[in-house]
Each structure stands twice: as C-alpha cells, then as structure tokens.
Amino acid sequence: MSSQAAAWCYRGGSISAEPRINDRIRVPEVRLVGPSGEQVGIVPLAKALELAQEYDLDLVEVAANARPPVCKLMDYGKFKYESAMKAREARKNQAHTVIKEMKLRPKIDPHDYDTKKGHVVRFLKQGDKVKITIMFRGREQSRPELGYRLLQRLAEDVQDLGFVESNPKQDGRNMIMVLGPHKKKTEAMAEAREAQAARKAERQALQPGRTQQPAAEEAPAEEAPVEEAPVAETPAEAPAEA
C-alpha cells in the first residue's frame, strides 16, 4: 500500500476539505508555527496542544502531507470567517464573459438601426461580446452583400468601443459577426461600481438641503392680533298679548 493510500485509510477512509484541528490530529509530532508566523520547530503533539491551550487558540493542521505535518496556532473560527469573506469578495469581482446577441434584417430602417446600435453600444460598454446576426428571408438570400455591408457599417459605428473578433461569415440563411469589447469585463464592472457610488454620494449630499428647505417654507408667519368688535345686544321681544 502506498503512503498516500495508507494516510487515506488512517484518516477514516474519506477525504475532507476541512483541516484537522486539536484532538483530531493523530500524529506523534508536528512542525509547529506560532500565532504570528514564527517557526517554533518540531515538537511532540502533546506539547503543541498544551501551547494551544495556553494561548487560547486552536492547533490547525495546515500541511498534512509534510513530514512531519505542519500545524499552526490560530483562532480557527476567525480564520474560517475571514476565508469565507475573501472567497465571497473574489466571486463578486470575478468576471464572467457574456455573449449578447443582436438580430438585424438586411433592409432595416434607420430608426430600428439606431435602436439596435444603441443596444450594441451598451453591451460593449459593459465589457460583453456581441454576436450580430443578419437574417435573410426569401429573395434576400441572393443578396448577401447587403448583410455584409450592414455588418461593416455597424463595426465602423462602434469601433471606439469594440473590434471585430470574428469576421462576417455565412451560416445557412444567416450571416454572423462577433464584436469584442476594448474594455475588459473587470474594468467595466469597476467603473460601474464607481459610478454607482458617485451617484449615491451625490444623492446623500443633496438630501440635507431637501429636508431643511421645506421646514423654512412651512414656518407659520406671525399674525397680528385681531380685535373683535363689540356686538350690540338686541332687546328681547315682549310676549304677545292673548
């Protein structure tokens, strides 16, 4: 049996992503690393566990395949939390390349063309690739040059934001071209976050002015006291004689 297979069987027959800590470590001695990263040296496991108790920390096996295994004194709960936060931030900043698709007709009218081009511009600004598809129908299939000229026109209109990654080519009844962005996805995401933060800061800066202005306008004006005119009393009517 190989040393790796023996180690696998020795640990209970299963492989876990979690490192062994404290009394789960089953070796006679370890190479110990202190809380600040200092090298303590090779010490018996009992001594390492004793030091962990003195520092009120955990003994964590960080290199199980080393001989002897390397263990470090650390707060394992805090270590797991910080690692999870780092992984979450890395996933948040991870750039996923997305291919958007835009479909056009060879005889598209100017208004529709401007609308479609606006979508392509937005996609390229976001750092995404754009697949442009020209759809031919009926007799249009005998005029592929119409689609080719339309794709060339679109590529020239957005050349400041993107480039032709895949030249126009015929694919059945369609003609396809792929545009790639000059700006990387990570850069586009960073700029979007900065713009969002700037807009939020601007709204917060304007908020105090909005709350104070109505208070000044709604302050009631002091009214001059109004003197009431005396009301003359009318004599009561005499009872009618029977």
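Our subject is the structure that appears above.
These lines cover the structure that appears in this document, whether it is placed above or below.

## Side note on the overall build of the protein chain
For the protein chain, the helix and strand inventory stands at six helices and eight strands. Each helix and strand of the protein chain, placed in order from N terminus to C terminus, yields the pattern α-β-β-α-β-β-α-β-α-β-α-β-β-α. The buried share of the protein chain, taken over its 242 residues, is 23%. Counting contacts in the protein chain only where the partners sit at least 6 residues apart, residues at least 24 apart contribute 54% of the total.

## Brief notes about the nonpolar core
Core analysis: the largest hydrophobic core is formed by 19 residues, its most contacted members being M102, L104, V120, V130, I132, I134 and L179. Looking at this core, the elements with two or more residues in it are β5 (99–104), α4 (110–125), β6 (129–135), α5 (144–157) and β8 (174–181). Beyond its immediate stretch of four places on either side in the chain, I134 contacts L104, P106, G147, L150, L151, R173, N174 and M175. Judged by nonpolar contacts, the second largest core, of twelve residues, contains L45, A48, L59 and C71.

## Side note on the side chain of R20
With respect to the element layout, R20 can be found in the loop between α1 (3–10) and β1 (29–33). Of note is the side chain of R20, whose polar atom sits 2.8 Å from the side chain of E61.

## Points about helix α2 (residues 45–55)
Within α2 the residues assigned to the buried category are L45, A48, L51 and A52. Seen along its axis, α2 keeps its buried residues to an arc of 120 degrees; they face one direction. Away from its buried face by more than 90 degrees, α2 exposes A46, Q53 and E54. Looking at the buried residues of α2, the elements they touch are β1, β2 (39–44), β3 (58–63) and β4 (70–74).

Rules used in this analysis
Residues numbered from 1 in each chain as written. Predicted model: local features only at pLDDT ≥ 70, side-chain atom pairs only at ≥ 80, totals over all residues. Heavy atoms only, no water. Helix = DSSP H or I, 4+ residues; strand = E, 2+ residues; numbered from the N terminus. Buried < 20%, exposed > 50% of the residue type's maximum accessible area, 1.4 Å probe, protein only. Contact = heavy atoms within 4.5 Å. Core = buried A, V, L, I, M, F, W, Y, C linked by side-chain atoms within 4.5 Å. Polar contact = N/O pair within 3.5 Å; in protein donor to acceptor, adjacent residues only side chain to side chain. Arc of directions from axis to C-beta.

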